[in-house]
Amino acid sequence: MKLLVTGGDGFIGSNFILNTLKNFPKFEIINLDAGFYGSNKLSLDQLSNYNNYEFVKGDINDSTIIDNLVSKCDTVINFAAESFVDRSIANAKPFLKSNIDGVFTLLESIKKHQKKFLQISTDEVFGSLEKESASEIFQYNPSSPYAATKACAEMLVNSYHITYDCNTVITRCTNNYGPRQFPEKLIPKTILLAKNNKKIPVYGTGKNLRDWLYVTDHCDAILSCLHHGKSGESYNISSGNEIDNLTIIKKILSIMGKSEDLIEFVDDRPGHDFRYSMNSNKLQNELGWKSKTNFESGIENTVNWYLNNSKWWENLSEGIFEHTPWKK
Ligand SMILES: NC(=O)c1ccc[n+]([C@@H]2O[C@H](COP(=O)([O-])OP(=O)(O)OC[C@H]3O[C@@H](n4cnc5c(N)ncnc54)[C@H](O)[C@@H]3O)[C@@H](O)[C@H]2O)c1
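Residues numbered from 1 in each chain as written. Predicted model: local features only at pLDDT ≥ 70, side-chain atom pairs only at ≥ 80, totals over all residues. Heavy atoms only, no water.

Q: Could you clarify how one ought to interpret the overall build of the protein chain in this entry?
A: In terms of regular secondary structure, the protein chain is built from 11 helices and 12 strands. A compact globule built from 328 residues would reach a C-alpha radius of gyration of about 20 Å, and the protein chain, at 19 Å, matches this within 12%. The principal-axis extents of the C-alpha atoms in the protein chain amount to approximately 55 × 45 × 40 Å. For the protein chain, buried positions account for 56% of its 328 residues. Counted over contacts in the protein chain with a minimum sequence separation of 6, partners at least 24 positions apart contribute 83%. If you sum the accessible surface of the protein chain, you get close to 14,500 Å²; carbon and sulfur atoms cover 47% of it. (Helix = DSSP H or I, 4+ residues; strand = E, 2+ residues; numbered from the N terminus. Rg over C-alpha atoms; globule rule 2.2 N^0.38 Å. Buried < 20%, exposed > 50% of the residue type's maximum accessible area, 1.4 Å probe, protein only. Contact = heavy atoms within 4.5 Å. Areas by Shrake-Rupley, 256 points an atom, 1.4 Å probe, with all protein chains shown as cover.)

The following block contains the structure:
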């Protein structure tokens, strides 16, 4: 099978490529990435001599490059996106460009070449939920500009399935953690701040809940959907592992033997959703996927990975040590 993976130099895309080539050594993968925020060239360094892996630098909005690559592949898996909610609040424009326009360009191409398309989406499209867990047919209710662009992309993908009979699958995942995540996100940021004995800013009360999934479990779920997912369907990927931010930070400090005095409460971010939650009954019952990594071992692996791979992050961590308060 020949895959075009877009956004493969980012956190989940790079883990997906490594995980796939480990489990399916006969697969061929082309990774197209624009080298935007979130990417790191070092993530896939180890593949430079593989003859079934190719890197192409480019933007998913470039229809000429996309058409050429899509014509050579069986399936496109789109990870490429602007992904950091805080940045979407400061400036939403790049999010519209990559997360909506870019998906449109990919869809036009898979329609033309009649290829399969997997769109990697997020639980944030359902917005904040009080008690219930969203199923696949829940109503979109995004709060942040980031989440709104991802919901919009999902609707575009569905429209290409319904209108043009394109072969599409949407996967929708909860918060991921693990190696190779950009240091501005909660878990790596906490690890690197704690390592340097710097204050760790906690938004609001720190009680916001997210359902955390180890990144390789997400990658396995995507592979299940690639092989067995039904066209026109979407699949939620979650493990029911809801933990609040403060508990996560305290857990990391305890693994690293650091004091909780490093914790500093700061003003909450605007529109900060309190809780995301989805059930993944469909994926588990229909495709047999189950998460394998419990949080205890996953978070320990993650802390150790960052502590042992300073070369990966040392040129990226500039700026994460200062907290800029939100303007009211
Ligand atoms: N991180 C999570 O917890 C999470 C959870 C659910 C879903 N997702 C989704 O998974 C996908 C990957 O997320 P991530 O955390 O790996 O993001 P990331 O920011 O780490 O990586 C995104 C990658 O996409 C590339 N990219 C962005 N715009 C591009 C464009 N126009 N053309 C080509 N490349 C472009 C960037 O250069 C980067 O390498 C995203 O679509 C995100 O919405 C992420």
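Q: I keep staring at the site of the ligand and nothing clicks. Help me out?
A: What surrounds the ligand is a group of 29 residues, the closest being Ile-12, Asp-33, Ser-83, Tyr-146 and Lys-150. The separation between an oxygen atom of the ligand and a polar main-chain atom of Ile-120 is 3.5 Å. In the complex, the protein chains occlude 97% of the 840 Å² of accessible area that the ligand would expose alone. For the shell around the ligand, the secondary-structure elements that each account for two or more residues are α1 (11–23), β5 (116–122), α5 (145–164) and β7 (175–177). Considering each element in turn, the shell around the ligand owes the most residues, 3 residues, to β5. Tallied by class, residues from the shell around the ligand come to 12 nonpolar, 13 polar and 4 charged. (Near = heavy atom within 4 Å. Polar contact = N/O pair within 3.5 Å; in protein donor to acceptor, adjacent residues only side chain to side chain. Nonpolar A, V, L, I, M, F, W, Y, C, P; charged D, E, K, R; others polar.)

Q: Is there a simple way to explain the packing of helix α6 (residues 186–195) against helix α10 (residues 295–308) in this structure?
A: Pairs of packed helices are described in terms of their axes, by the angle between the two and the distance that separates them. Across the interface, α6 lies against α10 with an axial gap of 10 Å and an inter-helix angle of 55°. Judged by the angle between their axes, α6 and α10 are oblique. Along this stretch, α6 crosses α10, giving a crossing that reads as right-handed. Contact with α6, carried on its side by Ile-187, Pro-188, Ile-191 and Lys-195, involves Ile-299, Thr-302, Val-303, Tyr-306 and Leu-307 of α10 and no other residues of that element. Here the contact of α6 with α10 is composed, by residue class, of 7 nonpolar, 1 polar and 1 charged. (Axes fitted to C-alpha atoms, helices over the stretch in contact; angles between N-to-C directions. Parallel < 35°, antiparallel > 145°, perpendicular 65-115°, else oblique. Left-handed = near helix turned anticlockwise from the far one by under 90°.)

Q: I'm lost on the sheet that holds β5 in this one. Help?
A: Adjacent strands of a sheet pair through backbone hydrogen bonds, lying either parallel or antiparallel. Taken in spatial order, the 7 strands of this open sheet run β3-β2-β1-β4-β5-β6-β10, and their pairing is parallel. Edge positions in the sheet fall to β3 (53–57) and β10 (233–237), since each of these pairs with one other strand and no more. Between one strand and the next, the sheet's axes are offset by a mean angle of 20°, whatever the strand orientation. Its contacts with the sheet place helix α2 (residues 63–72) against β1 (2–6), β2 (28–33), β3 and β4 (75–78), and it is angled at close to 165° to β2. (Pairing = 2+ DSSP bridges.)

Q: When you look at the sheet that holds strand β11 (residues 242–244) in this model, what are you seeing that I'm missing?
A: Taken together, 3 strands build an open sheet; the order of strands is β7-β9-β11 and the sheet is mixed. Looking at strand neighbours, the two that pair on one side only are β7 and β11, the edges of this open sheet. Taking the axes of each pair of neighbouring strands and ignoring which way they run, one obtains an average angle of 55° across the sheet. In the sheet, strand β9 (residues 209–214) pairs with β11 via 3 bridges, with the strands oriented antiparallel. Paired with Asp-211 across the bridge in β11 is Glu-242.

Q: Teacher, can you tell me more about the nonpolar core here?
A: The nonpolar side chains of a soluble globular protein tend to be buried, and buried together. Leu-3, Phe-16, Ile-17, Ile-77, Phe-79 and Leu-283 are the most contacted members of the largest nonpolar core, which has 32 residues in total. Here the element with the most residues in this core is helix α7 (residues 215–228); it accounts for 7 residues. Residues in contact with Leu-283, not counting those within four places in the same chain, are Ala-221, Cys-225, Tyr-235, Asn-236, Ile-237, Gly-288 and Trp-289. One finds Phe-182, Ile-252, Leu-253 and Ile-320 within the second-largest nonpolar core, a separate group that totals 29 residues. (Core = buried A, V, L, I, M, F, W, Y, C linked by side-chain atoms within 4.5 Å.)

Q: Would you take a moment to explain the packing of aromatic side chains for this structure?
A: Each aromatic ring pair is described using two quantities: the centre-to-centre distance and the angle formed by the ring planes. In this structure the tally under the stated criterion is 13 aromatic pairs. Both rings, one in Phe-16 and one in Phe-79, keep their centres 5.3 Å apart while their planes meet at 45°; by these two values the pair is tilted. Within this pair, whereas Phe-16 is found in helix α1, its partner Phe-79 is found in the loop between β4 and α3 (85–90), the two being separated by 63 residues in sequence. By relative accessible area, which is 0% here, Phe-16 ends up buried. Overall, Phe-79 belongs to the buried group, its relative accessible area being 12%. Here the aromatic cluster, defined as three or more aromatic residues joined through ring pairs, consists of Tyr-177, Trp-212, Tyr-214 and Phe-295. Directly above the ring of Tyr-164 sits Lys-111, whose terminal nitrogen or CZ lies 4.1 Å from the centroid. The ring of Tyr-235 carries Lys-282 above its face, with NZ or CZ at 4.8 Å from the centroid. (Phe/Tyr/Trp six-rings, centres within 6.5 Å; stacked < 30°, edge-to-face > 60°. Lys NZ or Arg CZ within 6 Å of the ring centre and 35° of its normal.)

Q: Can you help me understand the environment of Asn-279 in this one?
A: Its location among the elements puts Asn-279 in the loop between β12 (263–266) and α9 (281–287). Apart from the residues lying within four places of it in its own chain, the contact partners of Asn-279 are Ser-133, Ala-134, Ser-135, Glu-136, Asn-236 and Ser-238. A distance of 3.2 Å separates a polar side-chain atom of Asn-279 from the backbone nitrogen of Asn-281.

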